[in-house]
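Chain and residue survey
Listed below are the residues making up each chain.
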Amino acid sequence: MCTGIRPSNARTEQSMKEKVTNYEYFLNEVLRSDLRKTLERRARVQQKISEYTQQKTILEKLTSTPELSIDIRTKVDLGCDFYMDSIVSDLKTVVMNLGCSTWAEVTPEEAMKICDNEINHLNKSVEAISKEELKLKAHINLVINGLREIQSLDYSYS
């Protein structure tokens, strides 16, 4: 009885190795890369939610205090983490970035409504991204299980 692989089975083994290599490439280079990008995108959206929540909290504190006759001292970010001291003397209106490089002067109450709308919209985006993440994880598990099954096949034919 011959213990080696027969020539007809050599092709089968070679094609199985190619399949395994292709599946591993797809798993590592496509699926895991897509999952990493999805996680990064979700983190960016969650960062925006955090910023809007912080902005809303500040606005609530400003509107809950009675009319102050004193000026409020603060620091303004000029960009690239350069800050400048500033004094706010009028709290009746605030300037808010509405997106697409559009700024508007609004009351603090209007700004809180804008923050609420943005937070709701971003939460829906997080839900959609999380669903996409779950699909990618399921595909990854499917490919891993497929690889396990392919690699555990018995190539010997009787």
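Here, every reference points to the structure presented above.
Notes on the structure in this doc start here. Fair warning: this is a prediction, and the values are worked out from it, not measured in the lab.

Looking at the element boundaries, Leu59 is found in helix H1 (residues 7-64). Leu59 gets classed as buried once you look at its relative accessible area, which sits at 7%. Separated by 49 residues in the primary sequence, Leu59 and Pro108 have C-alpha atoms spaced 6.0 Å apart. Once residues within four sequence positions are removed from consideration, Leu59 is found in contact with Val94, Pro108, Ala111, Met112 and Cys115.

So, about the side chain of Thr38. The residue Thr38 is located in helix H1 in this model. In this structure Thr38 comes out as buried when scored by relative accessible area, which is 2%. Only 2.8 Å separates the side chain of Thr38 from the backbone oxygen of Asp34, close enough to count as a polar contact. With near-sequence residues (within four places) excluded, Thr38 lies in contact with Ile129, Glu132, Glu133 and Leu136.

Okay, the pattern of salt bridges next. Within this structure, the stated rule accounts for 5 salt bridges. Arg42 serves as the salt-bridge partner of Glu133, at 2.6 Å between the closest nitrogen and oxygen. A residue pair is termed long-range when its members are at least 10 positions apart, and Glu133 in helix H2 (residues 108-151) and Arg42 in helix H1 qualify at 91 residues. Ionic pairing is found between Lys137 and Glu133, a salt bridge with its closest N-O pair at 3.0 Å. Residue Lys137 and its partner Glu133 are located together in helix H2, separated by 4 residues, close to a single helical turn. What emerges from the salt-bridge pattern is a single network uniting Arg42, Glu133 and Lys137.

Together, Val76, Leu78, Phe82 and Met84 make up a nonpolar patch on the protein surface, roughly 400 Å² of accessible area in all. Of all the secondary structure elements, the ones that give two or more residues to the nonpolar patch are strand S1 (72-79) and strand S2 (82-88). Note that Val76 resides in strand S1.

The residue Cys100 is not glycine, and still its phi comes out positive at about 55 degrees. Of note, Cys100 is situated in the loop between strand S3 (94-99) and strand S4 (102-106). The class for Cys100 is exposed, based on a relative accessible area of 79%.

Calculation criteria
- Residues numbered from 1 in each chain as written.
- Predicted model: local features only at pLDDT ≥ 70, side-chain atom pairs only at ≥ 80, totals over all residues.
- Heavy atoms only, no water.
- Helix = DSSP H or I, 4+ residues; strand = E, 2+ residues; numbered from the N terminus.
- Buried < 20%, exposed > 50% of the residue type's maximum accessible area, 1.4 Å probe, protein only.
- Contact = heavy atoms within 4.5 Å.
- Polar contact = N/O pair within 3.5 Å; in protein donor to acceptor, adjacent residues only side chain to side chain.
- Salt bridge = Lys/Arg side-chain N within 4 Å of Asp/Glu carboxyl O.
- Patch = residues over 30% accessible without salt bridge, like charges linked within 9 Å, V, L, I, M, F, W, Y side chains within 5 Å.
- Areas by Shrake-Rupley, 256 points an atom, 1.4 Å probe, with all protein chains shown as cover.

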